[in-house]
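The residues making up each chain are set out below.
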Amino acid sequence: QVQLVESGGGLVQPGGSLRLSCAASGSILRINTMSWYRQAAGKQRELVATITRGGATNYAESVKGRLTISRDNAKNTVTLQMNSLKPEDTAIYYCNGEIFIDSFRRGTFWGQGTQVTVSS
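Attention here is on the structure that accompanies the text.

Cut-offs applied
- Residues numbered from 1 in each chain as written.
- Predicted model: local features only at pLDDT ≥ 70, side-chain atom pairs only at ≥ 80, totals over all residues.
- Heavy atoms only, no water.
- Helix = DSSP H or I, 4+ residues; strand = E, 2+ residues; numbered from the N terminus.
- Rg over C-alpha atoms; globule rule 2.2 N^0.38 Å.
- Contact = heavy atoms within 4.5 Å.
- Core = buried A, V, L, I, M, F, W, Y, C linked by side-chain atoms within 4.5 Å.
- Buried < 20%, exposed > 50% of the residue type's maximum accessible area, 1.4 Å probe, protein only.
- Disulfide = S-S within 2.5 Å.

This part takes up the overall build of the protein chain. Secondary structure assignment for the protein chain yields zero helices and 11 strands. Tracing the protein chain from N to C terminus, the helices and strands come up as β-β-β-β-β-β-β-β-β-β-β. In terms of C-alpha radius of gyration, the protein chain reaches 14 Å, essentially the compact-globule figure of 14 Å for 120 residues. Projecting the C-alpha coordinates of the protein chain onto the three principal axes gives extents of approximately 50 × 25 × 25 Å. Taking all contacts inside the protein chain whose residues are at least 6 apart in sequence as the whole, residues at least 24 apart take part in 55%.

Printed below as a string of structure tokens:
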């Protein structure tokens, strides 16, 4: 079994910061790309940021310069540092990982989500 568990969400004022964390556990051989997605109320889930195992990153245009994704391969964790938050960043944030269970089996796994609310 593989589990991804997010933490760090909450309520923050516009311009504030939050740090989201996601820890993967279970039968894991290796984790390739890890990502953060978000889904605002009434909208489709969208990709926020990705990071490869080697550390290459990619961001949605709307978050460039404000959000930073990083990972620790030894701990199977990924974080999202969120600065200069805006009300439009309000959403449920989901962690995602492409995980090899063994040399032949891999799958895409999701966390349960953590709520981020940016409001004064």
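Membership of the largest hydrophobic core comes to 28 residues, with the highest contact counts inside it found for W36, V48, I69, V78, L80, M82 and Y93. If you list the elements that add at least two residues to this core, you get β1 (2-7), β3 (18-26), β4 (30-39), β5 (46-51), β7 (67-72), β8 (77-82), β9 (91-100) and β11 (114-118).

On to the side chain of T50. With respect to the element layout, T50 can be found in strand β5. Among the residues examined, T50 registers a relative accessible area of 17% and is labelled buried. Every residue in contact with T50, bar those within four places of it in the chain, is listed here: T33, M34, S35, A56, T57, N58 and I69.

Mapped onto the elements, I69 comes out in strand β7. For I69, a relative accessible area of 4% corresponds to the buried category. Between the C-alpha atoms of I69 and E98, which are 29 residues apart in sequence, the distance is 16 Å.

Inspection of the entire model under this criterion finds one disulfide. Here C22 engages in a disulfide with C95; their sulfurs sit 2.1 Å apart. Because the torsion about its S-S bond is -75°, the bridge between C22 and C95 counts as left-handed. Residue C22 is found in strand β3, and its partner C95 is found in strand β9; the two are separated by 73 residues along the sequence.

Further remarks concern unusual backbone geometry. The phi torsion at N76 lies on the positive side, around 55°, for a residue other than glycine. Positive phi is not limited to glycine here, since S84 has a value of about 50°. Tracing the chain through its elements places S84 in the loop between β8 and β9. You can call S84 partly exposed: its relative accessible area is 40%.

Geometry only, nothing functional implied.
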